Amino acid sequence: MQSILHYINGQLVEPRSGNYLDNIDPATGAVYSRVPDGDGDDVNAAVAAAEQAFPAWSQTPAEKRSACILKIADAIEARLDEFARAECVDNGKPLSLTRNMDIPRAVKNFRFFATAILHSKSETHMTDGQALNYTLRQPRGICGLISPWNLPLYLLSWKIAPAIAAGNTAVAKPSEVTPMTAFMLSEVCREAGLPAGVLNIVHGLGAKVGAAITAHQKVTTISFTGGTVTGREVARTAAPMFKKISLELGGKNPNIVFADADMDRAVAESVRAAFANQGQICLCGSRIFVERAAYEPFVNRFVAATQGLKIGDPLEAGVDQGAIVSKPQFEKVSFYVNLAREEGGTILTGGSPPPTVNDRCKNGYFFTPTVITGLGPNCRVNQEEIFGPVTSIIPFDAEEEVIDYANGTAYGLSATVWTQNLPKAHRLAERINSGTVWVNCWLLRDLRVPFGGMKQSGVGREGGDEAMRFFTESKNVCISVS
Ligand code: NAP
């Protein structure tokens, strides 16, 4: 059985404890590889390597750093099929998704930040003929990069690329649930000639490896993506040490459909927004609000389109819905669907696992996309993040009412508005408290724009200049000219 290894100081190494965890293919429920059960000792070794690499890497000219990171992008792209298959098996998501979204986006992340550093700007200010000020942006040192299982390489590379492009060194921890493509990335980094210690990847559990990274005195900067509860724990540890922290956390995103929307697009994209990646995208629209005049036809079309999604072996072509990532996540989804029943909801479709998709996948963690109506906006199912293929549809009568619904959770990550009335779209965009508002689209991403959440969906922004600022420290140099 294949053993994943840590990537520390340019070497692929075993965990110091010698202990491994099972890595399960969620489509089959079978153990298919082993992942290091890393701990604080492994993190200490990774931090030592990152510390040693920092002086040279931070002083390496941007052009050379850029060239090295571009080689990483090229190498992933050259192995696109291999990466896509690995992520499909590790995560349970359809191969078409890993091939067309996850892995190409990881390539883009490396390319984007490799080229961004060639165009970075600095500011100068003249102080009334007395002084010239200029701002130096310098790398912060060792960055701790912690990512979840839902978009494994996509999100990890979204952190690694800006951190190392800016001249930092890094200790990264992928989710132990989906470690394979991070392991493949370490092989790619070696091939691409990334100097030893610039990037270190330590595998293992959040409570051991993630906690050790967060608590390490020499890690100056923490970029974390994951659940709100874990984010709170990370903040509790890192804040008293005055680390710079970015937290990208959970969401319970509203998808608002007005009666004047282009219904063909609104239905098709709302289905995608609810169920893409089995609903395991932080930006999924899991609360759909539909203006009453359009409610019934929308619900009918939405249910029909949901029933048209093909659930199946994620490795097969034409499959829309693969497996839920893990047994605990499958159990969480089942719990919330039962809760919806208890809360008085009507399950219009789904609500249980599908019949066996094929013999290979008979023990996999599949769940039929589920549509619920009849629940109020304040019940637990409509307030708590489920993070699975479950969506609830609620009617509304007025603009003010739906703004209240949209803002009526602890979260504020993203929102989508479907309307052909542009002034109305602008009004909602201004008043909905979320980091992203999509109008007549969903998950359209421009890597230059700030990305992040409001309220309990997080603090800090990633993306473009925001990421380059996050991973650098600005210093003012003031020169007297009098
Ligand atoms: P999670 O349980 O919070 O885990 C995220 C990462 O943190 C994993 O690598 C995890 O390791 C690690 N971790 C766990 N405990 C830790 C600790 N005490 N200290 C440091 N690290 C620790 O989240 P998840 O279940 O993997 O991912 C789903 C969540 O991520 C959802 O809430 C989703 O909304 C959110 N998410 C947010 C965004 C965004 O951009 N806002 C994007 C994607 C996902 P283990 O896997 O080993 O536990």
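Residues numbered from 1 in each chain as written. Predicted model: local features only at pLDDT ≥ 70, side-chain atom pairs only at ≥ 80, totals over all residues. Heavy atoms only, no water.

K.L.:
Lay out the domain arrangement of the chain in plain terms, naming residues and giving numbers.
P.N.:
You'll often see interface size given as the accessible area lost when the parts meet. When the domains of the chain are assigned, the result is domain 1 (2-249 + 457-480) and domain 2 (254-446). Taken together, the contacts link 28 residues of domain 1 with 29 residues of domain 2. In total, domain 1 and domain 2 occlude about 2200 Å² of area from one another, counting both sides; carbon and sulfur atoms represent 59% of this. Three residues stand out in domain 1 for area buried against domain 2, namely Ala27, Trp149 and Ser457, and they jointly supply 24% of the buried area on that side. The interface formed by domain 1 and domain 2 includes one salt bridge. Here Asp25 and Arg360 are joined by a salt bridge, their closest N and O atoms 3.8 Å apart. Taken together, the elements giving at least two residues each to the side of domain 1 that touches domain 2 come down to β4 (20-25), α3 (80-91) and α4 (95-116). For the side of domain 1 that touches domain 2, the class distribution of residues is 14 nonpolar, nine polar and five charged. (Domains from an automatic or database assignment. Contact = heavy atoms within 4.5 Å. Buried area = accessible area lost by both parts, 1.4 Å probe. Salt bridge = Lys/Arg side-chain N within 4 Å of Asp/Glu carboxyl O. Helix = DSSP H or I, 4+ residues; strand = E, 2+ residues; numbered from the N terminus. Nonpolar A, V, L, I, M, F, W, Y, C, P; charged D, E, K, R; others polar.)

K.L.:
Break down the layout of surface pockets for me, citing the residues and quoting the values.
P.N.:
Approximately 860 Å³ is the volume found for the largest pocket. Lining the largest pocket are 36 residues, and of these Pro148, Phe224, Gly226, Gly227 and Thr230 lie nearest its centre. Counting residues per element, the ones that place at least two in the lining of the largest pocket are α7 (206-215), β11 (219-225), α8 (228-238) and α11 (327-342). Of all the elements, α8 adds the most residues to the lining of the largest pocket, at six residues. Across the lining of the largest pocket, the residue classes tally to 15 nonpolar, 14 polar and seven charged. (1 Å grid on protein atoms, 1.4 Å probe; cavity = no way out; pocket = protein on both sides within 12 Å on 5 of 7 lines; lining within 4 Å. Points joined across faces, edges and corners; volume = space filled by probe spheres on them.)

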